[in-house]
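Residues per chain are reported as follows:
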Amino acid sequence: KDEIEQRRREQVEIQVGTGEPPEYLNANQRRRFRDIVKPLIKLGIYSDLDADCLATYCIASMEYTALTKELSKIELKVGDEESQKEYKRIAIERDRAFAQARTTANDLGLNITSRCRIIKPEIAEPPKNKFDQFVD
């Protein structure tokens, strides 16, 4: 009980955010941002301070998806150095996008490992006042 009380005293109080996407995102990125921010707000773990981090995640994850599609279109042929160079160039870009998406996802609690580390604070109910019944 003492440890729980100590954690409660040490936790930072954060106001849950509105979930408005940053202006610099395009329409598809804004849609993705809104899809992701809804459950985070519902869990009470999103603050507007996280907007840029979530925006970075949206950009990186969508870039990763686009690069993956681009890679699947390249036909690798033995001896065709040009297609191999192009494949390698895109693969490196995709790996960078994946690393950025993974890092930001971890920061935001968007993967199972990071969600398991989240400790949601318990909200204590204020003590009941015997005169509350008379107040509207």
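Residues numbered from 1 in each chain as written. Predicted model: local features only at pLDDT ≥ 70, side-chain atom pairs only at ≥ 80, totals over all residues. Heavy atoms only, no water.

### What about the nonpolar core?
Where we set the bar: By nonpolar core we mean a set of buried residues, namely Ala, Val, Leu, Ile, Met, Phe, Trp, Tyr and Cys, connected to one another through side-chain atoms within 4.5 Å. Think of it in three bands: with a 1.4 Å probe and only protein chains considered, a residue is buried below 20% of the maximum accessible area for its type, exposed above 50%, and partly exposed in between. A run of H or I in DSSP counts as a helix once it spans at least four residues, and a run of E counts as a strand once it spans at least two, with each numbered from the N terminus. Two residues qualify as a contact provided that any one of their heavy atoms is within 4.5 Å of a heavy atom in the partner residue.
Residues Phe33, Ile36, Tyr46, Leu54 and Tyr57 are the most contacted members of the largest nonpolar core, which totals 15 residues. Among the secondary structure elements, those contributing two or more residues to this core are helix 2 (27-43), helix 3 (51-73) and helix 4 (81-108). The element best represented in this core is helix 3, accounting for six residues. Apart from residues lying up to four places away in sequence, Tyr46 is in contact with Gln15, Val16, Gly17, Gly19, Phe33, Val37, Leu40, Ile41, Ala51 and Leu54. In terms of nonpolar packing, the next biggest core, distinct from the first, is built from five residues, Leu71, Ile90, Ala91 and Ala97 among them.

### A short note on the environment of Ala91
For Ala91, the position within the fold is in helix 4. Judged by its relative accessible area of 16%, Ala91 is buried. It is 7.1 Å that separates the C-alpha atoms of Ala91 and Leu71, two residues lying 20 residues apart in sequence.

### Quick notes on the pattern of salt bridges
Heads up, the rule is: Here a salt bridge means any side-chain nitrogen of Lys or Arg lying within 4 Å of a carboxyl oxygen belonging to Asp or Glu.
Tallying each qualifying case throughout the model produces two salt bridges. Here Glu86 and Arg89 are joined by a salt bridge, their closest N and O atoms 2.7 Å apart. Placement of the pair is Glu86 and Arg89 together in helix 4, with a separation of three residues, close to one helical turn. Here Glu86 falls in the partly exposed class, since its relative accessible area comes to 31%. For Arg89, a relative accessible area of 39% translates into the label partly exposed. Of the charged contacts, one joins Glu93 and Arg89 as a salt bridge, the two residues approaching to 2.4 Å between their closest N and O atoms.

### Some remarks on the packing of aromatic side chains
Note the threshold: Classification of ring pairs uses Phe, Tyr and Trp, with its six-membered ring standing for Trp, and accepts pairs whose centres are within 6.5 Å; under 30 degrees between planes counts as stacked, over 60 as edge-to-face, and the remaining range as tilted.
One pass over the structure, following the stated rule, counts one aromatic pair. Ring plane angle 50 degrees and centroid distance 5.5 Å describe the contact between Tyr64 and Phe98, whose orientation is recorded as tilted. In this pair, Tyr64 is assigned in helix 3 and Phe98 in helix 4, connecting sequence segments 34 residues apart. The exposure class of Phe98 is partly exposed, given its relative accessible area of 39%.

### Remarks on the packing of helix 3 against helix 4
Using the following cut-off: Interaxial angle, 0 to 180 degrees, is taken between N-to-C directions of lines fitted to C-alpha atoms, where a helix line uses only the stretch in contact. We call two directions roughly parallel when the angle between them is under 35 degrees, roughly antiparallel when it is over 145, roughly perpendicular when it lies between 65 and 115, and oblique otherwise. Take the far helix as your reference; a near helix turned counterclockwise from it by less than a right angle gives a left-handed crossing, and one turned clockwise gives a right-handed crossing. Note on residue classes: Ala, Val, Leu, Ile, Met, Phe, Trp, Tyr, Cys and Pro are nonpolar, Asp, Glu, Lys and Arg are charged, and everything else, Gly too, is polar.
Put simply, helix 3 and helix 4 touch, their axes get as near as 8 Å, and they point 150 degrees apart. One element, helix 3, and the other, helix 4, form an angle in the roughly antiparallel class. Considering how the two elements wind past one another, helix 3 and helix 4 form a crossing that is left-handed. Classifying every residue of the contact of helix 3 with helix 4 by side-chain character gives 15 nonpolar, five polar and seven charged.

### A word on the packing of helix 2 against helix 3
Two elements in contact, helix 2 and helix 3, have axes whose closest approach is 9 Å; the angle formed by their N-to-C orientations is 125 degrees. Classified by the interaxial angle, the pair formed by helix 2 and helix 3 is oblique. Helix-helix and strand crossings are classified by hand; for helix 2 and helix 3 the assignment is right-handed. Between helix 2, through Asn28, Gln29, Arg32, Phe33, Ile36, Val37 and Leu40, and helix 3, the contact on the second element is made entirely by Ala51, Leu54, Ala55, Tyr57, Cys58, Ile59, Ser61 and Met62.

### Some details on the confidence of the model for the protein
Rule in force here: Values of pLDDT, which run from 0 to 100, indicate the predictor's confidence residue by residue.
Model confidence for the protein is summarised by a mean pLDDT of 85, while 82% of its residues fall at 70 or above. For the protein, helix 5 (residues 112-117) is the element with the lowest average pLDDT, namely 68, and helix 3 is the one with the highest, namely 96.

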